Amino acid sequence: MTPQQLARATGARIDRATEHLPHLEATMQEFGIDTPARQAAFLAQIGHESGGLHWLVEIWGPTAAQRRYELRQDLGNNQPGDGLRFRGRGLIQITGRDNYRQVGEALGVDLLANPELLGTSPHAERSAGWYWKSRGLNELADDGRFELITRRINGGLNGYVDRMAKWETAKAVLA
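Residues numbered from 1 in each chain as written. Predicted model: local features only at pLDDT ≥ 70, side-chain atom pairs only at ≥ 80, totals over all residues. Heavy atoms only, no water.

*Asks:* How do you make sense of the nonpolar core when you look at a structure like this?
*Replies:* As a rule of thumb, nonpolar side chains are buried together in soluble globular proteins. In terms of nonpolar packing, the biggest core is built from 42 residues, with Phe-42, Leu-43, Ile-46, Leu-91, Trp-132 and Ile-149 touching the most fellow members. If you list the elements that add at least two residues to this core, you get helix H1 (3-10), helix H2 (14-30), helix H3 (36-49), helix H6 (97-107), helix H7 (123-134), helix H8 (137-142), helix H9 (146-154) and helix H10 (160-174). In terms of residue count, the dominant contributor to this core is H3 (six residues). The contacts of Trp-132, once residues within four sequence positions are left out, are Ile-33, Arg-38, Ala-41, Phe-42, Gln-45, Leu-137, Asn-138, Ala-141, Ile-149 and Ile-153. (Core = buried A, V, L, I, M, F, W, Y, C linked by side-chain atoms within 4.5 Å. Buried < 20%, exposed > 50% of the residue type's maximum accessible area, 1.4 Å probe, protein only. Helix = DSSP H or I, 4+ residues; strand = E, 2+ residues; numbered from the N terminus. Contact = heavy atoms within 4.5 Å.)

*Asks:* Help me out: how do you make sense of H7 in this one?
*Replies:* Along an α-helix, a turn takes 3.6 residues, which lines up residues three or four apart on a common side. Between its terminal C-alpha atoms H7 stretches 16 Å, which fits the 16 Å expected from 12 residues at 1.5 Å a residue. Burial of H7 is extensive: nine of the 12 residues sit out of reach of the surface. Considered for burial, the residues of H7 that qualify are His-123, Ala-124, Glu-125, Ser-127, Ala-128, Gly-129, Trp-130, Tyr-131 and Trp-132. Elements that come into contact with the buried residues of H7 comprise H2, H3, H6, H8 and H9. (Expected span 1.5 Å × (residues − 1).)

*Asks:* Sorry if this is basic, but what is going on with H9 here?
*Replies:* Among all positions in H9, only Phe-146, Ile-149, Thr-150 and Ile-153 are buried. Mapping the buried residues of H9 onto a view down its axis gives an arc of 100 degrees, with all of them on the same face. Tucked inside the fold, the buried residues of H9 contact H3, H7, H8 and H10. With its phi angle positive at about 85 degrees, Gly-155 sits one or two positions after the end of H9. (Arc of directions from axis to C-beta.)

*Asks:* I'm lost on the pattern of salt bridges in this one. Help?
*Replies:* Pairing between side chains of opposite charge can happen when their charged atoms approach one another. In total, this model carries 12 salt bridges according to the counting rule given. Note that Glu-49 and Arg-163 form a salt bridge whose closest N and O atoms lie 2.7 Å from each other. Taken together, the positions of Glu-49 in helix H3 and Arg-163 in helix H10 put the pair 114 residues apart, joining distant regions of the chain. Residue Glu-49 is classed as buried on the basis of its relative accessible area of 17%. Using a relative accessible area of 1% as the deciding quantity, one classes Arg-163 as buried. Ionic pairing is found between Asp-74 and Arg-72, a salt bridge with its closest N-O pair at 2.7 Å. Taking relative accessible area as the criterion, Asp-74 reaches 55% and is therefore assigned exposed. A single salt-bridge network, built from bridges that share partners, covers Asp-34, Arg-38 and Asp-142. (Salt bridge = Lys/Arg side-chain N within 4 Å of Asp/Glu carboxyl O.)

None of the figures reported here should be taken as evidence of function without further support.
Put into structure tokens, the structure is as follows:
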């Protein structure tokens, strides 16, 4: 894949695509995102989640929705400040103490002590690959189940129109 293809598939600027390309290629190899169908779905989702490979750390207001992260038990946020400390990071915006612990253990990085690492390469890319594989998204991509992939990443269908447009572009780029 070229930086130009990655930029088109994700909606990224060429400098962002060039910066992330080697890490994304290694990530896709590591996590079995190794067919055009898997890659197109993956690139579309990370393109949306990161605003075209631009945002590796969630912008924090805090908004009303972000304030609800604080002490949210289903995310493992059990200490004051956990909402901000374990805010969305990486190309899939991993959120919450429990998710940071899980991805950190899988990648061999202490993200509980160093949560900011998740917003840097290669951890931002690898965390997205880990999340993708750990949630069975390769198999869903093989079956073309893009809506269900979106729900597993987002919990709903936020930004679905943009995700779909990126998916169609990524499929064309990778054909």
